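What follows is each chain in one-letter form.
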Amino acid sequence: MNAPTDRDLILRARRGDAEAYGDLVARHQTSVFNVCYRILHNRADAEDLAQETFIRALDRLHTFDLEREFSPWIRRVAANLCLNHIESHKPSAPLDEERDEDKTQSPGEQVEVKERSEQIRSALASLPPHYRLVVELRHYQELSYDEIANELDIPLSDVKSHLFRARKLLVEKLHAPD
Amino acid sequence: MHLTDEQLNEYLDNETANRAEIETHLDSCDECAARLSALQALFTDLDSLPEVTLPRDIAARFRPRPSLAPQLPHWLTLTATLQAAAALVALIVAIPFFSIMLPKVEMPSFTTWFFEIQSLWTSWLDTLSNLALSPIEGFQLPNYQFANLPTYPVELSTLFIALAIVSIFWIFGNGMLLRNNRS
Ligand SMILES: [Zn+2]
């Protein structure tokens, strides 16, 4: 038997099948958590916001357009929730110092990759919230300028200026000559 | 005239209509080519960021919770099922008796019973008050006869009716027990 599609699970979840929604969450929870973690740079907050994303999504599931893909939609919901979260809560918890787990490399390589990943995450976390969100939507969710403007309800010129300034800041942090 | 930051960004984002024009300049200008490769290195860095593992299973929160009550032991479930089956058999056996014996059953009138009991109670009270008034006369319980009470009111058919009622309750009771435990 083939695994049910996201669409099948959504239809069942709309009829109140909690097991189906659980399966849908299981499929997308890691990518949603990673969206939150890239924007918030704190694991505990990212977990909370990922859970909140799926609670909100369940409420809005009846408005979801079944002709579209679920994954991009849920990731955009997550990104927006994270922005709201940053804007309403000034960061209280210190930024995460934990290192990423990646078991595919040898110990030497692993340390280097971890350090580089951590530098990238720290650089992202140092950006103003709106810049972080635009980078997330462009680089990790691969939205076009127009789609970002639509999603965030801001003018196209703002999308460009936020994105280009964000990149300038990131280049300065990550590629500064030693 | 060098390329602007905006042109370089739009070029890498595939959001420009002037690709050929920009490429011509990049071919002839080392400075702009260096700016482009710095930006490209950033894209590579951002792409290289690994996904981290989720510390806990969020999906579990959304799945239906397993029953909090512990499952009944297997033998108890089996016993309950067997009892229900036995009661059902008894009920089926009793049904033919109903059809044969039910018309013959003469239930004693409840009003007659009620009056008998009431008069018994009144005479008891009389006796007690007499004793209180004249304790010297001695204590003797009045000896009453219950002429109207049937001598042996529980006949075989009545037993079957009782059995049937008990069986029905038994089946319902066991059914509810098993059903509640399963959910
Ligand atoms: Zn140039």
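The preceding data block contains the structure.
First, a word on what this report is: a plain description of the structure on this page.

Another aspect to go through is the interface of chain B and chain A. Between chain B and chain A, the residue contacts involve 30 residues of the former and 45 residues of the latter. Buried surface at the junction of chain B and chain A, both sides included, amounts to about 3400 Å², of which 58% is carbon and sulfur. Linking chain B with chain A are nine salt bridges, by the criterion used here. Asp5(B) serves as the salt-bridge partner of Lys168(A), at 3.3 Å between the closest nitrogen and oxygen. Between chain B and chain A we count 20 residue pairs in polar contact (both at pLDDT 80 or more) in total. Counting residues per element, the ones that place at least two in the side of chain B that touches chain A are helix H1 (5-12) and helix H3 (30-48) of chain B. No other element matches the nine residues that H3(B) contributes to the side of chain B that touches chain A. Tallied by class, the residues present in the side of chain B that touches chain A amount to 15 nonpolar, three polar and 12 charged.

With that out of the way, let us pick up the pattern of salt bridges. All names here are of chain A. In this structure the tally under the stated criterion is 15 salt bridges over all chains. Between Glu 136 and Arg 38 there is a salt bridge, with its nearest N and O atoms 2.7 Å apart. Placement of the pair is Glu 136 in helix H6 (residues 129-140) and Arg 38 in helix H2 (residues 18-40), with a sequence separation of 98 residues. Each member of the pair, Glu 136 together with Arg 38, is buried.

We now examine the packing of aromatic side chains. All names here are of chain A. Counting across every chain of the model gives eight aromatic pairs over all chains. Arranged with centres 6.1 Å apart and planes meeting at 65 degrees, the rings of Tyr 145 and Phe 164 form a pair that is edge-to-face. Of this pair, Tyr 145 sits in helix H7 (residues 145-152) while Phe 164 sits in helix H8 (residues 156-174); the two residues are 19 residues apart in sequence, bridging distant segments of the chain. Assessed through its relative accessible area of 2%, Tyr 145 is described here as buried. Judged by its relative accessible area of 12%, Phe 164 falls in the buried class. Residue placement shows Arg 38 over the ring face of Tyr 140; its charged tip is 4.1 Å from the ring centre.

Thresholds, definitions, all that
- Residues numbered from 1 in each chain as written.
- Chains lettered and ligands numbered in written order.
- Predicted model: local features only at pLDDT ≥ 70, side-chain atom pairs only at ≥ 80, totals over all residues.
- Heavy atoms only, no water.
- Contact = heavy atoms within 4.5 Å.
- Buried area = accessible area lost by both parts, 1.4 Å probe.
- Salt bridge = Lys/Arg side-chain N within 4 Å of Asp/Glu carboxyl O.
- Polar contact = N/O pair within 3.5 Å; in protein donor to acceptor, adjacent residues only side chain to side chain.
- Helix = DSSP H or I, 4+ residues; strand = E, 2+ residues; numbered from the N terminus.
- Nonpolar A, V, L, I, M, F, W, Y, C, P; charged D, E, K, R; others polar.
- Buried < 20%, exposed > 50% of the residue type's maximum accessible area, 1.4 Å probe, protein only.
- Phe/Tyr/Trp six-rings, centres within 6.5 Å; stacked < 30°, edge-to-face > 60°.
- Lys NZ or Arg CZ within 6 Å of the ring centre and 35° of its normal.

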